[in-house]
Amino acid sequence: MQPIRNIIPLLKEPKTMVIVMHQKPDADAMGSSLGLFHVLNALGHQVTVISPTNWAEWLSWMPGAEMVLDYELNTAGSNELLEKADWIFCLDFNVLHRTRKMTGPLGKAPGIRILIDHHQQPQKEAFDFGISDTSKSSASEMVFDFIESAALGDKINQAVAECLYAGVMTDTGSFRFSSASASVHRMVAVLKDTGMDHSKVHENLFDNFLENRLRFIGHALMNRLEVLYEYNTALISIPWKDLVKFQIRTGDTEGLVNYGLTIEGIKFAALIIDRDEEIKCSFRSKGGFDVNEFARNYFEGGGHRNAAGGRSSESLEQTIQRFRASLQENALQLQ
Ligand code: 5GP
Ligand code: MN
């Protein structure tokens, strides 16, 4: 993988480009992709953003979201775009399989693949150019750095600012995590200078849910939360029937895992959800416990040191059992 700066001189020639993010995109995946989309468009490139799957309704306010293709709904058209793209930007993921059904076509596409990502252990051989930096708060911060290093700062308008702000704000837990560096705050100052209304972005992301989601959270905290004090761990496990009962949609469970960490002394929080097609796991930690390693070792996943995801193809009960056994194996690190 060559350094991303090597593509900067090549940006002058108009190109056909695709921007791809990870499946079930979060605000950073969608925000970094759309932020980059607007800038590349302004340069005269032909750009399409493709999401491997659908996304949460609360991301659809982002400028440009209406043009994003859902690969599962537009498979033939998306494959054609991948096939003829000169460049394919891969944002907020670093292993091709995180694009689910797109993995094969993305791997076979003849165009140049360019990585911009902040997760651990990138699949470097899959990318021709790129930057992988785990010290970065978000893919949105990295897109901002890329735009600045290409001397394209004048292309950062309010629309770009809203997209990138959404990504960096959510990935830093509203500027709470240690990744919210001084450069992150300097970036936000530049975004604010475009006239961006940051309160509006927070509202769009956090105050747009339906009543049933709030009721569901109440139910989950009351009836599905287990605190395992001997391991300083909190586990929320959600059976499929709860998702049906509360009419849970994509994105409605985002953030639920964090509640566990608000209990005094809890260092590790897990959320295990039976999504019917697979069991989805989310892991968060405070301090030294490395959930990236944990997710890799036990749940076919990965991510960051303090936030990672994974999956299981067993039943919910078997997955919970395996989770408990894995806690035992990690008892020392969880003290
Ligand atoms: P979440 O629990 O919100 O799905 O994921 C937490 C973090 O881990 C996010 O940064 C997400 O992109 C990352 N992540 C989730 N699943 C995987 C996975 O299977 N592999 C890798 N490398 N990262 C993941
Ligand atoms: Mn991210």
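Throughout what follows, the structure given in this document is the object of discussion. What you see is a predicted model; the values in this text were computed from it and never measured.

Running from N to C, helix α1 (residues 27-42) and helix α5 (residues 158-171) cross one another at 155°; their axes reach a closest spacing of 8 Å. Looking at the two axes, α1 sits roughly antiparallel to α5. The chirality of how α1 crosses α5 is left-handed. Across the interface between the two elements, A27, D28, G31, S32, L34, G35, H38 and V39 of α1 pack against A159, V160, C163, L164, A166, G167, T170 and D171 of α5. For the contact of α1 with α5, the residue count by class is eight nonpolar, six polar and two charged.

Contacts to ligand 1 come from 13 residues, most closely from R98, H119, K280, S282 and R284. A total of 490 Å² of accessible area belongs to ligand 1 in isolation, and the protein chains cover 88% of it. The greatest single-element share of the shell around ligand 1, amounting to four residues, is contributed by strand β13 (residues 307-312). Tallied by class, the residues present in the shell around ligand 1 amount to two nonpolar, seven polar and four charged.

All told, the structure shown has 13 salt bridges when counted by the stated rule. Of the charged contacts in the structure, one is a salt bridge between R324 and E226, with a shortest N-O distance of 2.2 Å. One end of the pair, R324, is in helix α11 (residues 316-329); the other, E226, is in strand β8 (residues 225-228), and 98 residues separate them in sequence. R324 gets classed as partly exposed once you look at its relative accessible area, which sits at 33%. Two residues, R311 and E278, come together in a salt bridge whose shortest N-O distance is 3.6 Å. Placement of the pair is R311 in strand β13 and E278 in the loop between β10 (268-274) and β11 (279-285), with a sequence separation of 33 residues.

The subject of this paragraph is the sheet that holds strand β1 (residues 2-3). With parallel pairing, the seven strands of this open sheet are ordered in space as β1-β7-β6-β5-β2-β3-β4. At either margin of the open sheet sits one strand with a lone partner, and together these are β1 and β4 (69-70). Where α1 meets the sheet, it contacts β2 (16-21), β3 (46-51) and β5 (87-91), and its direction lies at approximately 165° from that of β2. Sheet strands in contact with helix α4 (residues 139-149) are β5, β6 (112-117) and β7 (129-132), and its direction is about 115° off that of β6.

About the criteria used
Residues numbered from 1 in each chain as written. Chains lettered and ligands numbered in written order. Predicted model: local features only at pLDDT ≥ 70, side-chain atom pairs only at ≥ 80, totals over all residues. Heavy atoms only, no water. Axes fitted to C-alpha atoms, helices over the stretch in contact; angles between N-to-C directions. Helix = DSSP H or I, 4+ residues; strand = E, 2+ residues; numbered from the N terminus. Parallel < 35°, antiparallel > 145°, perpendicular 65-115°, else oblique. Left-handed = near helix turned anticlockwise from the far one by under 90°. Contact = heavy atoms within 4.5 Å. Nonpolar A, V, L, I, M, F, W, Y, C, P; charged D, E, K, R; others polar. Near = heavy atom within 4 Å. Areas by Shrake-Rupley, 256 points an atom, 1.4 Å probe, with all protein chains shown as cover. Salt bridge = Lys/Arg side-chain N within 4 Å of Asp/Glu carboxyl O. Buried < 20%, exposed > 50% of the residue type's maximum accessible area, 1.4 Å probe, protein only. Pairing = 2+ DSSP bridges.

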